[in-house]
Amino acid sequence: MRVKWIATICLLVCVCLMGSCGKNGGEQRVVSVTIPPQQWLLQQIVGDRYKVTALLPPGANPETFEPDMQQLMDLQNSAAYFKAGMPGFEESMLGKMKDNFPDLPVYDSSEGVERLTGTHSQHDSHGDDHAADPHVWTSLKNARVMAANMLRHMVAIDPEGREIYTANFNRLDSRLAALDDSIAGVLAGRAGTSFMVWHPSLSYFARDYGLQQIAMEADGKEASVKQLRRQVDAAGAHRPVVFFLQQEYDSRGARTLAGEIGLPTASIAVMSADIADQVRQITKVINEH
């Protein structure tokens, strides 16, 4: 994997030396983020003053992902890179970025987010059994914190855009706050309602609205027979209303299991750019079952 990265970097250097890229060129200014939900949030703030690019596209596997030439060129030309708070993937990528793009400013858009732990039953890089859940963007409250962090840093990067960025952020923040209040009202009578999902990616959403997530896997690994049985038993005890099938993961096993349990299914895409729309759709499904 590292050989592929080095080869791609060498090619990128050659392209740059030929004058095909550069931060001072005539192309639109660029800022980079890790995932599409961040991309959507930041694009709402910067408008057309910057192009926002996401390093990890929808459907990509963080364990095997390697950036392509266009993504490396975007990083080369970026005014800054915003982390999402995904320790495993981002720790690996940041090491490579520091080696190849040492002058690229890196900011943490998840700073200040209250993390959930224990949802993935995994060991983090420090051997902790209670590693933080990385799916912070599935909470509208967290999304507002992330947007505020990105606003602060964009104003520092481009002071001339302060008024535009602030006005855009205020509109975005009001929209997210109103949607959060609306969803809280819709789900007010559903406290304690359970839903099933293959990968534990809706922990923050469940926390915000008093719901219970029953996940079939942890740490991106295939669930053991014992684990599946335990979760199926939990499903029987908690009577989930729906099994969410995630577009980012192979849903064949989930669909089969949902059929055996007798649960209706619904498709979601937590890596979708417009996370506000995804949260709205998830709420609609839960409320209808």
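The paragraphs below set out a description of the structure included in this document. Once a new chain begins, its residue numbering starts again from 1 and follows that chain's sequence as written. Per-residue local features are limited, in this predicted model, to residues with pLDDT of at least 70; the limit for side-chain atom pairs, both in listing and counting, is 80 or more; totals at the level of whole chains, interfaces and linings are taken over all residues. Side-chain measures here rest on the full set of heavy atoms in the structure, leaving out hydrogens and waters.

## Considering the packing of aromatic side chains
Turning to step 1, where the next piece is worked out: When two rings of Phe, Tyr or Trp (its six-membered ring) have centres within 6.5 Å they constitute a pair, described as stacked for plane angles under 30 degrees, edge-to-face for angles over 60, and tilted for the intermediate range. Scanning the model with the defined rule gives three aromatic pairs in all.
Turning to step 2, where the next piece is worked out: Measuring from centroid to centroid gives 5.6 Å for Phe195 and Phe244, while their planes differ by 70 degrees, and the two rings are edge-to-face. Residue Phe195 is located in strand 5 (residues 194–197), and its partner Phe244 is located in strand 7 (residues 243–246); the two are separated by 49 residues in the primary sequence. Phe244 matches Phe195 in its accessibility class, with the two residues each being buried. In DSSP terms, a helix is any run of H or I states spanning at least four residues, a strand is any run of E spanning at least two, and both are numbered starting from the N terminus. Buried, partly exposed and exposed residues are distinguished by accessible area as a fraction of the type maximum, computed with a 1.4 Å probe on protein chains only: under 20%, between the cut-offs, and over 50%, respectively.

## Describing the pairing of strand 8 (residues 265–268)
Turning to step 1, where the next piece is worked out: Judged by which residues are buried, strand 8 turns out to be one-sided: Ala266 and Ile268 face inward and are buried, whereas Thr265 and Ser267, on the alternate face, are not.
Turning to step 2, where the next piece is worked out: DSSP bridges decide pairing: two strands pair if at least two such bridges lie between them. Where strand 7 lies against strand 8, four bridges are found, and the strand directions are parallel. Looking across to strand 8, one finds that Phe244 is bridged to Ala266.

## Describing the nonpolar core
Turning to step 1, where the next piece is worked out: By nonpolar core we mean a set of buried residues, namely Ala, Val, Leu, Ile, Met, Phe, Trp, Tyr and Cys, connected to one another through side-chain atoms within 4.5 Å. Ranked by size, the top nonpolar core spans 67 residues in total, and within it Leu42, Trp137, Phe205 and Phe244 carry the most contacts.
Turning to step 2, where the next piece is worked out: With eight residues, helix 5 (residues 140–157) is the single largest residue contributor to this core.
Turning to step 3, where the next piece is worked out: Only heavy atoms enter the contact rule, under which two residues are in contact if any of them lie within 4.5 Å. Trp137 has contacts with Ile35, Pro37, Met86, Met146, Val270, Met271 and Ile275, leaving out every residue within four places of it along the chain.
Turning to step 4, where the next piece is worked out: Within the second largest apolar cluster, ten residues are counted, among which are Trp198, Ile214, Ala258 and Leu263.

## A closer look at the packing of helix 2 (residues 36–46) against helix 5
Turning to step 1, where the next piece is worked out: Contact pair helix 2 / helix 5: the axes reach a minimum separation of 10 Å and the direction vectors enclose 50 degrees. Classed by the angle they form, the pair helix 2 and helix 5 counts as oblique. Note that helix 2 runs across helix 5; the crossing there is right-handed. Along the contact surface, helix 2 presents Gln38, Leu41, Leu42, Ile45 and Val46, while helix 5 presents Ala143, Met146, Ala147, Met150, Leu151 and Met154.
Turning to step 2, where the next piece is worked out: Note on residue categories: nonpolar means Ala, Val, Leu, Ile, Met, Phe, Trp, Tyr, Cys or Pro, charged means Asp, Glu, Lys or Arg, and polar means any other residue, Gly included. Of the residues belonging to the contact of helix 2 with helix 5, the class tally is ten nonpolar, one polar and no charged. Only the contacting stretch of a helix is used when fitting its axis, a line to C-alpha atoms as for every element, and angles between N-to-C directions run 0 to 180 degrees. For classification purposes, an angle smaller than 35 degrees is called roughly parallel, one larger than 145 roughly antiparallel, one from 65 to 115 roughly perpendicular, and anything else oblique. Less than a right angle of anticlockwise turn of the near helix away from the far helix marks a crossing as left-handed, whereas a clockwise turn marks it as right-handed.

## Side note on the pattern of salt bridges
Turning to step 1, where the next piece is worked out: A side-chain nitrogen of Lys or Arg and a carboxyl oxygen of Asp or Glu constitute a salt bridge if their distance falls within 4 Å. The final tally for this structure, using the stated rule, is nine salt bridges.
Turning to step 2, where the next piece is worked out: Between Lys51 and Asp74 there is a salt bridge, and its shortest N-O distance comes to 3.8 Å. Here Lys51, found in strand 2 (residues 51–54), pairs with Asp74, found in helix 3 (residues 69–77); they are 23 residues apart in sequence, far enough to count as distant.
Turning to step 3, where the next piece is worked out: Residue Asp277 is joined to Arg280 by a salt bridge in which the shortest nitrogen-to-oxygen separation is 3.4 Å. Of this pair, Asp277 and Arg280 both sit in helix 10 (residues 275–288), three residues apart, which is roughly one turn of the helix.
Turning to step 4, where the next piece is worked out: Connected via shared salt-bridge partners are Arg29, Arg49 and Asp158.

## Examining the side chain of Gln278
Turning to step 1, where the next piece is worked out: As for its placement among the helices and strands, Gln278 is situated in helix 10.
Turning to step 2, where the next piece is worked out: A relative accessible area of 12% means that Gln278 is categorised as buried.
Turning to step 3, where the next piece is worked out: N or O atoms within 3.5 Å of each other form a polar contact, as long as, within protein, one can give a hydrogen and the other can take it, and as long as residues adjacent in sequence are counted only when both atoms are side-chain atoms. Here Ala269 takes part through its backbone nitrogen, which lies 2.8 Å from a polar atom of the side chain of Gln278.
Turning to step 4, where the next piece is worked out: The contacts of Gln278, once residues within four sequence positions are left out, are Ile268, Ala269, Val270 and Ser272.

## Looking at the packing of helix 6 (residues 162–186) against helix 10
Turning to step 1, where the next piece is worked out: Put simply, helix 6 and helix 10 touch, their axes get as near as 11 Å, and they point 10 degrees apart. Taken together, the axes of helix 6 and helix 10 are roughly parallel relative to one another. Between helix 6 and helix 10, the residues in contact are Leu176, Leu179, Ile183 and Val186 and Ala276, Val279, Arg280, Thr283 and Asn287, respectively.
Turning to step 2, where the next piece is worked out: Classifying every residue of the contact of helix 6 with helix 10 by side-chain character gives six nonpolar, two polar and one charged.

## Details of helix 4 (residues 87–100)
Turning to step 1, where the next piece is worked out: In this scheme, a helix's expected span is set at 1.5 Å multiplied by one less than its residue total. Spanning 14 residues, helix 4 covers 20 Å between terminal C-alpha atoms, matching the ideal 20 Å at 1.5 Å per step.
Turning to step 2, where the next piece is worked out: Regarding helix 4, the residues found buried are Phe89, Glu90, Met93, Leu94, Lys96 and Met97. Buried residues of helix 4, viewed axially, fall in a sector of 165 degrees; they line one side. For helix 4, the exposed residues lying more than 90 degrees away from the buried face are Gly88, Lys98 and Asp99. An arc is given here, and it is the one of the directions from the helix axis to the C-beta atoms.

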